[in-house]
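A closer look at the structure
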Amino acid sequence: MSEEKKEEVQVETPVKNNKGKKKKKKNKNLIQDVEVDPLVIEKFNLVYSNKLRYAIYKLDEDETKIILDSVATESSDTNTLKEQLPDNEVRWIILSLSYKLTDNSVRKKILFVAWVPDSIKRESHKETIRVKSLGIFHQGSLHKAFNGKSMKKIQGNDYSDIEEKSLLLAVSSFGEQINFETLWK
C-alpha cells in the first residue's frame, strides 16, 4: 500500500440554527488505514506453512505501519507466548496449532488472535478507547495482506484467553474429542 487510505466517520451532533430549530452538524474524524510491512507477510507464510510456531505483530511508533514484533520456533509454548504479550499494548498473533484428538488423529490449524487487553490504560479515557479501537480496526489491514487465507479468528482480552485449553477450544470443530494434553506436542 503506497498511498494511505482514510475512512471517514461521521458523527451527528444536534445544534440550533438561527430560528431555534435543531439541525444536525457533522463532525469528521479520520481513521487512517495502515501499511503492512513485507516482513509481516513473509513471517505469516512461514507460520501458515508450519515452519514457525507463531508470529507477533504490532504498530510502529507512528501508528502508520504494522511491523513484526517477534517470532517463535517449534520449541515455544503458550507460556512463552504470554510472556511476550504486553498488558498495555495491542498486538496481533498468528499461531500454528497442532493437537491430537482422543482417537490419536492429528489436527493442524491456524489461529489469528487480536490481542487487545482490558488492562490498556492511557492518560485519558478517550485515548484508551482510541488505542483499543485501533487494535480492532487495523486487524482488517492484516486480513487483506494475508490474501484471505483460511484461519479461525479470536480476540484476546486477558492472559486466560491465551491458555492452551482456550486456544484448542477456539480452533476445534464442533464435536471433536480433544486430547487436552497434546497441544504443540
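Each chain has its residues counted from 1, following the order in which its sequence is written. Thresholds applied to this predicted model are a pLDDT of at least 70 for local features of residues and 80 or more for the giving and counting of side-chain atom pairs; totals over whole chains, interfaces and linings are not thresholded and use all residues. Water and hydrogen atoms play no part in the side-chain values, which are based on all heavy atoms of the structure.

**Concerning the pairing of strand E5 (residues 65-72)**
Sheet topology places strand E3 (residues 35-36) next to E5; two bridges connect them, and they run parallel. In the sheet register, Glu 35 faces E5, and the bridge partner there is Lys 65. Direction of pairing for strand E4 (residues 54-59) relative to E5: antiparallel, over a ladder of six bridges. Bridge assignment links Leu 59 to a residue of E5, and that residue is Ile 66. At least two DSSP bridges between two strands are required for those strands to pair. Helix numbers and strand numbers start at the N terminus; a helix is a DSSP run of H or I with at least 4 residues, a strand a run of E with at least 2. The turn linking E4 back onto E5 is made up of five residues, and Glu 63 within it adopts a positive phi angle of 60°.

**What about the pairing of strand E6 (residues 91-100)?**
For every residue, the accessible area obtained with a 1.4 Å probe (protein chains only) is divided by the maximum for its type, and the residue is called buried under 20%, exposed over 50%, and partly exposed between those limits. Extensive coverage of E6 is indicated by the burial of nine of its ten residues. The sheet contact formed by E4 and E6 spans four bridges and is antiparallel. Across the sheet, residue Tyr 57 finds its bridge partner in E6, namely Trp 92. Pairing of E6 with strand E7 (residues 106-115) involves ten bridges; the strand directions are antiparallel. In the strand pairing of E7, Leu 95 is matched with Leu 111.

**What about helix H1 (residues 38-48)?**
Residues of H1 that are buried: Val 40, Lys 43, Phe 44 and Val 47. What you see down the axis of H1 is that its buried residues fit within an arc of 110°, all on one side. Positioned one or two residues after H1, Asn 50 has a phi angle of 65°, which is positive. The arc in question is the one spanned by the directions pointing from the helix axis to the C-beta atoms.

**A closer look at the packing of aromatic side chains**
Any Phe, Tyr or Trp ring, taking Trp's six-membered ring, that has another such ring centre within 6.5 Å forms a pair; planes under 30 degrees apart are called stacked, those over 60 apart edge-to-face, and the others tilted. For the structure on display, the rule yields four aromatic pairs. Look at Trp 115 and Tyr 159: their rings are 5.1 Å apart centre to centre, the planes differ by 45°, and that puts the pair in the tilted class. With Trp 115 in strand E7 and Tyr 159 in the loop between strand E8 (152-156) and helix H5 (164-171), the pair connects residues that are 44 residues apart, well separated along the chain. Ring pairs connect the aromatic residues Phe 44, Tyr 48, Tyr 57 and Phe 146, which therefore count as one cluster.

This is a description of form; function is not addressed.
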